[in-house]
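What follows is the residue order along each chain.
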Amino acid sequence: MKKCFVMVLLCCLLAAGTAFAKTGTLLVAFGTSMDSARPAIDDIEKAYKKAAGNDPVLLAFTSDIIRNKLAKEGNPVLSVNAAMNELAAQGVTDLKIQSLHIAPAEEYNQLERMVVKNITKNPGVFKTVKVGYPLLVSEKDLDAVVKVVLASLPKDRKPGDAVVLMGHGNDRGPGDLTLAATAAAFHKADPHVWLATVEGSNSFDNVLPKLKASGAKRVWLQPFMIVAGDHANNDMAGADEDSWKTMFEAAGLTVNCQISGLGRIDAIHALYVAHTKAAIDAIA
Ligand code: CO
């Protein structure tokens, strides 16, 4: 009799526990205000929504400038703080936050600070908050990303054609080290592929002499960023005299551009989803 009562009590407690548990996901990107670039982020959001069933999935942009611009255009996107509060208001107790950044660098660190700030301000609102790493944190990630990106290169590329991927980078921050390893991995996998950065220390000027020395006559440019936004359209493929396209043409090369963000690639979504899952599995 006593044993039976304990069992019933245990069942009630378990039922109560699950009744009050609700999982929600928050996807966080730097953001873009370019319509043509947006599908890269929307595709990732769709993949998460499909996997989440009835659990809420929200998107937040960290860039104040981009959020303000989108709000003025009538397409507001939440900040990290507002999105966390919204998920709490929807009854979410177990929060998964996924960084949609490339490297564990400035933007990712900023996201961590935003999350801690919200939790500190609102103690006890969430039972668990787990943050998934950005795209490239392990050797395994790098191997997978190199394979996926090489497979995404234009089919019209002929043997001997060079490829230059445009990463973002930051010559004062930790992101450059991730991109240095990434550049080396690409070049090892395919000696006609280089990666240079638009704001990092591994600049266009570093890559140009190596590419010329390789004897390549034609080069394909493609962003190594989640969205093909302002940097891809202007700094990479723009008509200005300091765009990579113009500078490669000035060096006598034929230039083709593939303006598509990594967020458009299904296998990239799968890598982010795996990071979200790893963050959940890491802490019991
Ligand atoms: Co930038």
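Bear in mind the structure is a predicted one, so any value in this text is a computation, not a measurement.

Quick word on the overall build of the protein chain
Check the secondary structure of the protein chain and you find 11 helices and eight strands. For the protein chain, the spread of C-alpha atoms along the principal axes amounts to about 85 × 45 × 35 Å. In the protein chain, buried positions account for 45% of the 284 residues. A fraction of 76% describes how many contacts in the protein chain between residues 6 or more apart in sequence connect residues 24 or more apart. Roughly 14700 Å² of accessible area belongs to the protein chain as shown, and the carbon and sulfur atoms make up 58% of that amount.

Quick notes on the packing of helix 6 (residues 139-151) against helix 7 (residues 175-189)
When two helices pack together, you describe them by how their axes are tilted relative to each other and by the distance separating the axes. Relative orientation of the contacting elements helix 6 and helix 7 amounts to 55°, with a least axis distance of 10 Å. Overall, the two elements helix 6 and helix 7 adopt an arrangement that is oblique. Handedness of the helix 6/helix 7 crossing: right-handed. Residues Leu142, Val145, Val146, Val149 and Leu150 of helix 6 form the contact with helix 7, whose own contacting residues are Ala181, Thr182, Ala185, Phe186 and Ala189.

As for the coordination of the cobalt ion
Listed as protein donors to the cobalt ion are His168 (NE2) and His231 (NE2); their distances from the metal cover 2.1 Å. Note that histidine 168 is positioned in the loop between strand 5 (162-167) and helix 7 and histidine 231 in helix 9 (residues 230-236), a separation of 63 residues in sequence. On the basis of relative accessible area, histidine 231 is assigned to the buried category, the value being 18%.

Side note on the packing of aromatic side chains
Both the distance between ring centres and the angle between the ring planes are used here to describe each pair of aromatic rings. The final tally for this structure, using the stated rule, is four aromatic pairs. Relative to phenylalanine 224, the ring of phenylalanine 186 has its centre 5.7 Å away and its plane inclined at 85°; by these criteria the two rings are edge-to-face. Here phenylalanine 224 lies in the loop between strand 7 (218-223) and helix 9 and phenylalanine 186 lies in helix 7, a separation of 38 residues in the sequence. Accessibility assignment for this pair places phenylalanine 186 and phenylalanine 224 in one class, buried. Ring pairing ties together the aromatic residues Phe204, Trp244 and Phe248, which thus form one cluster.

Here's the deal with the pairing of strand 7
Burial analysis of strand 7 places five of its six residues in the buried class, which makes it a mostly covered element. Where strand 5 lies against strand 7, five bridges are found, and the strand directions are parallel. Its bridge partner being in strand 7, valine 163 is matched across the sheet by tryptophan 220. Two strands pair when backbone bridges link them, and strand 7 and strand 8 (residues 254-257) are joined in this way by four bridges, in the parallel orientation. Its bridge partner being in strand 8, leucine 221 is matched across the sheet by cysteine 257.

Each value, and the rule that gives it
- Residues numbered from 1 in each chain as written.
- Predicted model: local features only at pLDDT ≥ 70, side-chain atom pairs only at ≥ 80, totals over all residues.
- Heavy atoms only, no water.
- Helix = DSSP H or I, 4+ residues; strand = E, 2+ residues; numbered from the N terminus.
- Buried < 20%, exposed > 50% of the residue type's maximum accessible area, 1.4 Å probe, protein only.
- Contact = heavy atoms within 4.5 Å.
- Areas by Shrake-Rupley, 256 points an atom, 1.4 Å probe, with all protein chains shown as cover.
- Axes fitted to C-alpha atoms, helices over the stretch in contact; angles between N-to-C directions.
- Parallel < 35°, antiparallel > 145°, perpendicular 65-115°, else oblique.
- Left-handed = near helix turned anticlockwise from the far one by under 90°.
- Donors = N, O, S within 2.8 Å, 3.2 Å for Na, K, Ca; no water.
- Phe/Tyr/Trp six-rings, centres within 6.5 Å; stacked < 30°, edge-to-face > 60°.
- Pairing = 2+ DSSP bridges.

This is a description of form; function is not addressed.
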